[in-house]
Amino acid sequence: GAGVSQTPSNKVTEKGKYVELRCDPISGHTALYWYRQSLGQGPEFLIYFQGTGAADDSGLPNDRFFAVRPEGSVSTLKIQRTERGDSAVYLCASSSTGGAANNEQFFGPGTRLTVL
Amino acid sequence: ILNVEQSPQSLHVQEGDSTNFTCSFPSSNFYALHWYRWETAKSPEALFVMTLNGDEKKKGRISATLNTKEGYSYLYIKGSQPEDSATYLCASRAGAGNNRKLIWGLGTSLAVNP
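Let's talk about the overall build of chain B
Within chain B one finds zero helices and eleven strands. Listing each helix as α and each strand as β along chain B from the N terminus yields β-β-β-β-β-β-β-β-β-β-β. Expected size for 114 residues packed as a compact globule is a radius of gyration near 13 Å; at 14 Å, chain B falls within 12% of this value. Taken along the three principal axes of its C-alpha coordinates, chain B extends 45 × 30 × 20 Å. The 114 residues of chain B split such that 46% are buried. Residue pairs in contact within chain B that sit at least 24 positions apart in sequence constitute 53% of those at least 6 positions apart. With 11 positive and 10 negative side-chain charges, chain B shows a separation of 9 Å between the mean positions of the two kinds.

Structural notes on the overall build of chain A
A tally of regular secondary structure across chain A gives zero helices and eleven strands. What you see in chain A, going N to C, is helices and strands ordered as β-β-β-β-β-β-β-β-β-β-β. Over its C-alpha atoms, taken along the principal directions, chain A stretches across nearly 40 × 25 × 25 Å. Residues counted as buried form 47% of the 116 residues belonging to chain A.

Section: the environment of Phe-25 of chain B
All names here are of chain B. Tracing the sequence through the fold places Phe-25 in the loop between strand E3 (19-24) and strand E4 (32-38). Under the relative-accessibility criterion, Phe-25 is labelled buried at 5%. Measuring from C-alpha to C-alpha, the distance between Phe-25 and Tyr-72 comes to 6.0 Å, with 47 residues separating the pair along the chain. Once you skip the residues sitting within four places of it in the chain, Phe-25 turns out to touch Asn-3, Val-4, Phe-30, Leu-33, Leu-66, Asn-67, Thr-68, Gly-71, Tyr-72, Ser-73 and Ser-92.

Observations regarding the packing of aromatic side chains
Inspection of the entire model under this criterion finds twelve aromatic pairs over all chains. Judged by centre distance (5.6 Å) and plane angle (40 degrees), the ring pair of Tyr-35 of chain A and Phe-107 of chain A falls under tilted. Taken together, the residues span a long stretch of sequence, with Tyr-35 of chain A in strand E4 (residues 31-37) and Phe-107 of chain A in strand E10 (residues 106-107) at a distance of 72 residues. Pairing Tyr-74 of chain B with Tyr-76 of chain B gives two aromatic rings, centres 6.1 Å apart and planes at 70 degrees, and the pair type is edge-to-face. Among the residues examined, Tyr-74 of chain B registers a relative accessible area of 27% and is labelled partly exposed. The exposure class of Tyr-76 of chain B is partly exposed, given its relative accessible area of 33%. An aromatic cluster is built from Tyr-33, Tyr-35, Phe-45, Tyr-48 and Phe-107 of chain A together with Tyr-36 and Trp-104 of chain B, whose rings are joined through pairwise contacts.

Overview of the layout of surface pockets
By volume, the largest pocket amounts to about 800 Å³. As for the largest pocket, its lining consists of 30 residues, of which Gln-37, Val-89 and Arg-112 of chain A together with Trp-38 and Thr-40 of chain B are closest to the centre. Broken down by secondary-structure element, the contributors of at least two residues to the lining of the largest pocket are strand E9 (88-95) and strand E11 (111-115) of chain A together with strand E9 (86-93) and strand E11 (108-113) of chain B. In terms of residue class, the lining of the largest pocket is made up of ten nonpolar, 17 polar and three charged. If you trace the second largest pocket, you find 19 residues lining it, with Gly-42, Pro-43 and Glu-44 of chain A together with Ile-103 and Trp-104 of chain B closest to the centre. Counting only elements with at least two residues in the lining of the second largest pocket, the list comes to E4 and strand E5 (44-50) of chain A together with strand E10 (102-104) of chain B. Of all the elements, E10 of chain B adds the most residues to the lining of the second largest pocket, at three residues.

About the criteria used
Residues numbered from 1 in each chain as written. Chains lettered and ligands numbered in written order. Predicted model: local features only at pLDDT ≥ 70, side-chain atom pairs only at ≥ 80, totals over all residues. Heavy atoms only, no water. Helix = DSSP H or I, 4+ residues; strand = E, 2+ residues; numbered from the N terminus. Rg over C-alpha atoms; globule rule 2.2 N^0.38 Å. Buried < 20%, exposed > 50% of the residue type's maximum accessible area, 1.4 Å probe, protein only. Contact = heavy atoms within 4.5 Å. Lys, Arg positive; Asp, Glu negative; His and termini not counted. Charge placed at Lys NZ, Arg CZ, Asp CG, Glu CD. Phe/Tyr/Trp six-rings, centres within 6.5 Å; stacked < 30°, edge-to-face > 60°. 1 Å grid on protein atoms, 1.4 Å probe; cavity = no way out; pocket = protein on both sides within 12 Å on 5 of 7 lines; lining within 4 Å. Points joined across faces, edges and corners; volume = space filled by probe spheres on them. Nonpolar A, V, L, I, M, F, W, Y, C, P; charged D, E, K, R; others polar.

That is the geometry; function is a separate question.
Structure (structure tokens):
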């Protein structure tokens with residue numbers, strides 16, 4: 001079946017603008033995760049949804065970042081007043097229900113955000 | 001705070017060579033270790049999820065071992081091929097249930113020359 005998809009694949013914006021990044025998880029996966037990878041770094045956890053609710057948002061760097069998943073499927077990561085330091089690849093992953101140790105996260109191809 | 005480290009940072013090998021990388025992680029509160037393979041412009045691809053001390057897993061020419069007591073995992077590639085060129089990332093999960101956060105290393109970038 002279809003994997004995790006993310007749109008857009010690339011986004012260039014100007015400092016101070018608002019952006020939305022979209023993630024379509026694998027059908028039936030109740031858990032959805034957002035990560036970001038800045039240049040030269042490993043991926044960094046942002047937020048995890050179980051269904052419609054954010055189960056862990058401890059990785060969101062500040063209140064300019066917000067994510068929603070209103071129907072428990074598609075998720076949107078929203079960034080207000082973008083800064084140059086927000087430039088990164090934003091990765092989305094999904095997994096099936098359950099917190100079992102061997103629960104695998106399946107990733108999308110990412111959205112490369114560039115803030116000029 | 002977890003700190004996952006990988007070495008080497010990058011590696012260049014010839015086709016046919018066998019190679020291995022290291023991932024080290026805090027052994028306290030360990031729950032699971034994930035290995036991913038990430039090619040440029042593609043999605044990270046899950047290779048292994050390992051949970052038990054002494055685990056050994058294999059997928060084709062790639063295998064991995066896990067030592068949770070000392071906090072390290074090795075990834076081995078036997079007979080490297082150019083298509084193995086990618087960044088190999090490991091990530092540790094420290095908690096059960098709703099603690100799903102993965103803490104990632106910086107990756108090992110592998111280039112296999114034909």
